[in-house]
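# Notes for the structure review
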Amino acid sequence: MAFEHIPRKDWYRILGAEPSENLTELKQKYQKLVLLYHPDKQSADVPAGEVEERVQRFIEIDQAWKILGNEETKKEYDLQRHDDLMQTWPVDAQIYLEDMSWNKDEECYTHLCRCGGKYTISRNEAEEVSLVCCDTCSLIIEILR
């Protein structure tokens, strides 16, 4: 599936999901929204304008699921999303995960930011996420593996 022809939308936001959620969690959110917005499930007393909005919302939800519900298209979308983030957010530094400090008490990796704040990422997040924001300023680092 070529994403160049699809308007750039945040499919995770449309499903009310996070990129770190697994396929089962994404499917649950999709199913809940489909039941809420499906045209056949609308009551008869809903104003016409609202019906059209709900149909458009249903179409977006369905599009989001078509992309995020398939491992291959989800992976492609996540890569595109990563590239978009890299272009949108300036990366201050690239840090290897092994160069970050492991905090046993909080069970997370940390790295000090030049502003005095810190970048924090859990072990699970480190497997899925490559960009980490400082907890104090707007700087971002990219985690290299």
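Residues numbered from 1 in each chain as written. Predicted model: local features only at pLDDT ≥ 70, side-chain atom pairs only at ≥ 80, totals over all residues. Heavy atoms only, no water.

### Comments concerning the pattern of salt bridges
A full pass over the atoms with the stated rule returns 6 salt bridges. The shortest N-O distance in the salt bridge between Arg54 and Glu50 comes to 3.3 Å. Within this pair, Arg54 and its partner Glu50 are both found in helix H3 (residues 48-68), separated by 4 residues, close to a single helical turn. For Asp62, the salt bridge is made with Lys66, and the minimal N-O distance between the two is 3.3 Å. Of this pair, Asp62 and Lys66 are both found in helix H3, 4 residues apart, which corresponds to roughly one turn of the helix. With a relative accessible area of 22%, Asp62 lands in the partly exposed category. For Lys66, a relative accessible area of 53% translates into the label exposed. (Salt bridge = Lys/Arg side-chain N within 4 Å of Asp/Glu carboxyl O. Helix = DSSP H or I, 4+ residues; strand = E, 2+ residues; numbered from the N terminus. Buried < 20%, exposed > 50% of the residue type's maximum accessible area, 1.4 Å probe, protein only.)

### As for the pairing of strand S3 (residues 108-112)
The pairing of strand S2 (residues 101-103) with S3 spans 3 bridges and is antiparallel. When the sheet's bridge partners are listed, Ser101 is paired in S3 with Thr110. Between S2 and S3, which follow one another and run antiparallel, lie 4 residues, and Glu107 among them has a positive phi close to 50°. Bridge count between S3 and strand S4 (residues 118-122): 5 bridges; the pairing is antiparallel. Its bridge partner being in S4, Thr110 is matched across the sheet by Thr120. Linking two consecutive strands that pair antiparallel, namely S3 and S4, is a turn of 5 residues; a positive phi of about 105° is found at Gly116 within it. (Pairing = 2+ DSSP bridges.)

### A closer look at the sheet that holds strand S1 (residues 91-96)
The 3 strands lie next to each other as S1-S6-S5, forming an open sheet whose pairing is mixed. This sheet does not close on itself; its edge strands, each paired only once, are S1 and strand S5 (131-133). Ignoring which end each strand starts from, the neighbouring axes of this sheet average 30° apart. Taken together, the 3 bridges between S5 and strand S6 (residues 140-144) define a ladder with antiparallel strand orientation. The partner of Cys133 across the bridge, within S6, is Ile140. (Axes fitted to C-alpha atoms, helices over the stretch in contact; angles between N-to-C directions.)

### What about helix H2 (residues 23-37)?
With 15 residues, H2 ought to run about 21 Å at 1.5 Å a step, and its terminal C-alpha atoms sit 21 Å apart, in line with that. Looking at H2, one finds that the buried residues are Leu26, Tyr30, Leu33, Val34 and Tyr37. Mapping the buried residues of H2 onto a view down its axis gives an arc of 105°, with all of them on the same face. In H2, the exposed positions angled more than 90 degrees off the buried face are occupied by Thr24, Lys32 and Leu35. Where H2 begins, one side-chain oxygen reaches toward the backbone nitrogen of Thr24, 3.0 Å away; that side chain belongs to Asn22. (Expected span 1.5 Å × (residues − 1). Arc of directions from axis to C-beta. Polar contact = N/O pair within 3.5 Å; in protein donor to acceptor, adjacent residues only side chain to side chain.)

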